Amino acid sequence: MSQPIVTLATSAQFPNLDADDQGLPDALRERGIEPRIAIWDDPSVDWEEAGIVVVRSVRDYAKDRDKFVSWARSVPRILNSAETMAWNTDKHYLQDLERLGLPTIPTIWLEPEQNLSKRLVNSRFPALGDFVVKPAVSSGGRGTGRYKGVNAESRGEAIAHAMYELGRGRSVMVQRYLKEIDVEGETSLIYFNGLASHQVVKAPMLHPRFSSVKEQQVVEESVRSTGASIEMWTWGEKIRGALQAYIKEKVGHNELLLFNRVDIVRGDKDSPEDFYVMEVSLIDGSLYLQADEKNLGRFADAIAARVFW
């Protein structure tokens, strides 16, 4: 009897998966599964023969979002579902989370169809404190810059950044930078098949000493595994529950997400909320499998559970 197949979808940039996922094929073999690795936009791949497709290192999907979504919809068996990933590819999903009553960082949305001048873009930036400019469709923090509200040179760079993205037809997000990120970092809560798996804390990646978005892109992500915080998991469960309910309404069935990463940050003294949702990653976000030796096994078990159900 042949083994069930699981194909790990990746990008040409990571033909053998990224470093965090590279132990996954061996872990799947240990569980009686034949692992394969395939580049998502490789025309030679027969996705009908790919078994269950688990999307992992597709870091380039933001370069052609429509192509990626079309591909995902064409794959017979894919996790997470194509419709859920389509929703998650564009950070306008934060508006949906806000409508669900979840505390998201207040965001000013700049849209290409507004035809904003440099002066109008500048007028939409915060007057005080640091702020972040980034495209609404991006992966791995690419195209994200941190700028100073009271520094004319920094504001000029922020204007140039926003105009560059808008000029290419991309929506732009402007958010106040929460100072608590520099104190505590961001917390990522990872769920497999709807169950809490592990928690990590990420050090800040956007430092104020950098003066351009290009410099900020080369910062290495620093991650440490932490013990379970009841407070953080309580917030995470609130987010996870609301997200599952929304997805059920949107896709028309109660989808069990294979993986779900929720990024949250504690509110600072100037914030009206105890915590904020930074991001929800349902596509290619790192699951920090290497942060603790147990994490890889948990993810492999979660995949095996879906294969053998």
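As a convention, each chain's residues are numbered from 1 in the sequence order in which they are written. Given that this is a predicted model, residues contribute local features only at a pLDDT of at least 70 and side-chain atom pairs are listed and counted only at 80 or more, while totals for whole chains, interfaces and linings are drawn from all residues. Each side-chain value is derived from all of the structure's non-hydrogen atoms; neither hydrogens nor water enter the calculation.

Visitor: Would you explain the environment of Val-183 in this entry?
Guide: In this structure, Val-183 sits in helix α7 (residues 180-184). When a residue's accessible area, from a 1.4 Å probe over protein chains only, is under 20% of the maximum for its type it is buried; when over 50% it is exposed; and in between it is partly exposed. A relative accessible area of 64% places Val-183 in the exposed class. Helix numbers and strand numbers start at the N terminus; a helix is a DSSP run of H or I with at least 4 residues, a strand a run of E with at least 2.

Visitor: Looking at this structure, how should I read the pattern of salt bridges?
Guide: Side chains carrying opposite charge are able to pair once their charged atoms draw close together. By definition, a salt bridge exists where a carboxyl oxygen of Asp or Glu is found within 4 Å of a side-chain nitrogen of Lys or Arg. Per the counting criterion, the structure on display carries 18 salt bridges. Here Asp-26 ties to Arg-29 by a salt bridge, and the two come within 2.6 Å at their closest N and O atoms. With Asp-26 and Arg-29 both in helix α1 (residues 24-29) and three residues apart, the pair spans about one turn of that helix. Accessibility expressed as a relative area gives 45% for Asp-26, which makes it partly exposed. For Arg-261, the salt bridge identified is with Asp-263, shortest N-O distance 2.7 Å. Put simply, Glu-186, Lys-202, Arg-261 and Asp-263 are held in one network by salt bridges that share partners.

Visitor: So what exactly am I meant to see when it comes to the side chain of Glu-255 here?
Guide: Counting through the fold element by element, Glu-255 comes out in the loop between α9 (230-251) and β12 (259-266). For the buried Glu-255, which has no salt bridge, the nearest side chain bearing the opposite charge is Arg-306, at an N-O separation of 6.0 Å. Any pair of nitrogen or oxygen atoms within 3.5 Å is treated as a polar contact; in protein, a donor-acceptor pairing is required on top of that, and neighbouring residues in sequence qualify only through side-chain atoms on both sides. A polar atom in the side chain of Glu-255 sits 2.8 Å from the side chain of Ser-81. When near neighbours in sequence (up to four residues on either side) are disregarded, Glu-255 contacts Asn-80, Ser-81, Thr-84, Gln-244 and Ile-247. By the counting scheme adopted, Arg and Lys are positive, Glu and Asp are negative, and His together with the chain ends is not counted. Any pair of residues with heavy atoms lying within 4.5 Å of one another is described as a contacting pair.

Visitor: Would you mind going over the sheet that holds strand β3 (residues 52-57) with me for this structure?
Guide: Sheets are built from strands that pair by backbone hydrogen bonding, the pairs being arranged parallel or antiparallel. Taking strand neighbours across the sheet as the criterion, the four strands line up as β2-β1-β3-β4 in an open arrangement whose pairing is parallel. A single partner strand is all that each edge strand has here, and the edge strands are β2 (34-39) and β4 (78-79). Think of it this way: DSSP has to see at least two bridges between two strands before they count as a pair. Of the strand pairs in this sheet, β3 and β4 are connected by two bridges, and their pairing is parallel. Paired with Val-53 across the strands is Ile-78, a residue of β4.

Visitor: In this structure, what is going on with the sheet that holds strand β5 (residues 107-110)? I would like to understand it.
Guide: What the four strands build is an open sheet, ordered β5-β8-β6-β7; its pairing is antiparallel. Lying at the two open borders of the sheet, with one neighbouring strand each, are β5 and β7 (145-148). The mean angle between the axes of side-by-side strands here comes to 25°, regardless of whether they run parallel or antiparallel. Across four bridges, the pairing between strand β6 (residues 130-135) and β7 is antiparallel. Residue pairing in the sheet places Val-132 in a bridge with Arg-146 of β7. Convention adopted: a line fitted to C-alpha atoms gives each axis, helices being fitted over their contacting stretch, and angles between N-to-C directions are expressed from 0 to 180 degrees.

Visitor: It is not clear to me how helix α6 (residues 152-167) should be interpreted in this structure. Could you clarify?
Guide: An α-helix turns once per 3.6 residues; consequently, residues spaced three or four apart project the same way. What a helix is expected to span follows from its residue count: subtract one and scale by 1.5 Å. Taking 1.5 Å as the rise per residue, α6 with 16 residues should run 22 Å; its terminal C-alpha atoms sit 22 Å apart, in good agreement. The backbone nitrogen of Glu-153 lies 3.0 Å from a side-chain oxygen of the residue at the head of α6, namely Asn-151. Directly beyond the C-terminal end of α6, a positive phi value near 75° is found at Gly-169.

Read these as geometric descriptors, not functional statements.
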